[in-house]
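Structural characterization, general
One-letter residues, chain by chain:
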Amino acid sequence: MSASRMRSLARPERPLVVAAVLLTALVTLWLLVPTVYGHLATYQVGDITVSPTDVEMTEDGEAVAVTFAVHNPTPRAVQFNSGRVNVYDGDTKLSTGTTMQYSKTTIPSGETKRITGTVEIDAEHADQTRRAIETDGLRYLGELDGEIGDNSITITVGGDEP
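Read on for an overview of the structure. (Residues numbered from 1 in each chain as written. Predicted model: local features only at pLDDT ≥ 70, side-chain atom pairs only at ≥ 80, totals over all residues. Heavy atoms only, no water.)

Attention shifts here to the packing of aromatic side chains. Per the stated rule, a full pass over the model turns up 1 aromatic pair. The interplanar angle of 85 degrees and the centroid separation of 5.7 Å between the aromatic rings of F68 and Y140 together place this pair among those described as edge-to-face. In this pair, F68 is assigned in strand 2 (residues 63-71) and Y140 in strand 7 (residues 138-148), connecting sequence segments 72 residues apart. Under the relative-accessibility criterion, F68 is labelled buried at 0%. For the cation-ring pair, R139 lies above Y88, with the distance from its terminal atom to the ring centre recorded as 5.3 Å. (Phe/Tyr/Trp six-rings, centres within 6.5 Å; stacked < 30°, edge-to-face > 60°. Helix = DSSP H or I, 4+ residues; strand = E, 2+ residues; numbered from the N terminus. Buried < 20%, exposed > 50% of the residue type's maximum accessible area, 1.4 Å probe, protein only. Lys NZ or Arg CZ within 6 Å of the ring centre and 35° of its normal.)

What follows is the structure in structure tokens.
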């Protein structure tokens, strides 16, 4: 190998060009990795599980406070910010159909956290709701809305409407 060839490998003739190419490659990689993880996480949204763990009637009797354990197996954190969940006793819809109120909650990758929200109950079904809570007879159907990175997601709670 010639001395001039060895010199160009050890010390390029245009070090600024080499530095610019390396910097561009590093910035591209830095931007690409989170995007790939975001898309991978979005594809795994169906693996996020939502399970009711606790329910109780509020003191005023106008709503139920429902706690869901939400498990995030995706490679990115998920932020939940709203939901529409209805409660049923058999096929009887007990709730008013309004948005479930809860604090924004971020669930890191691979973790399970609890989300507690309130669901307004139709006044004519307050007694039936109390009985269903006592007998563990409530069903929960609806959706939780959230985000993985810049992607909006919707997670189904329970299943299809009756």
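Here we take up a negative patch on the surface. Taken together, the side chains of D54, E56, E59, D60, E62 and E120 define an acidic patch exposed on the protein surface. Within the secondary structure, E59 sits in the loop between strand 1 (49-57) and strand 2. By relative accessible area, E59 is classed as exposed at 88%. (Patch = residues over 30% accessible without salt bridge, like charges linked within 9 Å, V, L, I, M, F, W, Y side chains within 5 Å. Areas by Shrake-Rupley, 256 points an atom, 1.4 Å probe, with all protein chains shown as cover. Salt bridge = Lys/Arg side-chain N within 4 Å of Asp/Glu carboxyl O. Lys, Arg positive; Asp, Glu negative; His and termini not counted. Charge placed at Lys NZ, Arg CZ, Asp CG, Glu CD.)

On to the pairing of strand 2, then. Where burial is concerned, most of strand 2 is hidden: 8 out of the 9 residues are buried. Note that strand 1 and strand 2 share 8 bridges and pair antiparallel. When the sheet's bridge partners are listed, V50 is paired in strand 2 with V70. As consecutive antiparallel partners, strand 1 and strand 2 are separated by 5 residues, and within that stretch G61 has a phi angle of approximately 75 degrees, a positive value. (Pairing = 2+ DSSP bridges.)

With that settled, consider the pattern of salt bridges. A full pass over the atoms with the stated rule returns 4 salt bridges. The partner of D127 in a salt bridge is R130, and the shortest N-O contact between them spans 3.6 Å. Residue D127 and its partner R130 are located together in helix 3 (residues 126-134), separated by 3 residues, close to a single helical turn.

This next bit is on the side chain of H125. Inspection of the secondary structure puts H125 in the loop between strand 6 (112-120) and helix 3. The exposure class of H125 is buried, given its relative accessible area of 13%. For H125, the residues in contact, after removing those within four places along its chain, are T92, K93 and L94. (Contact = heavy atoms within 4.5 Å.)

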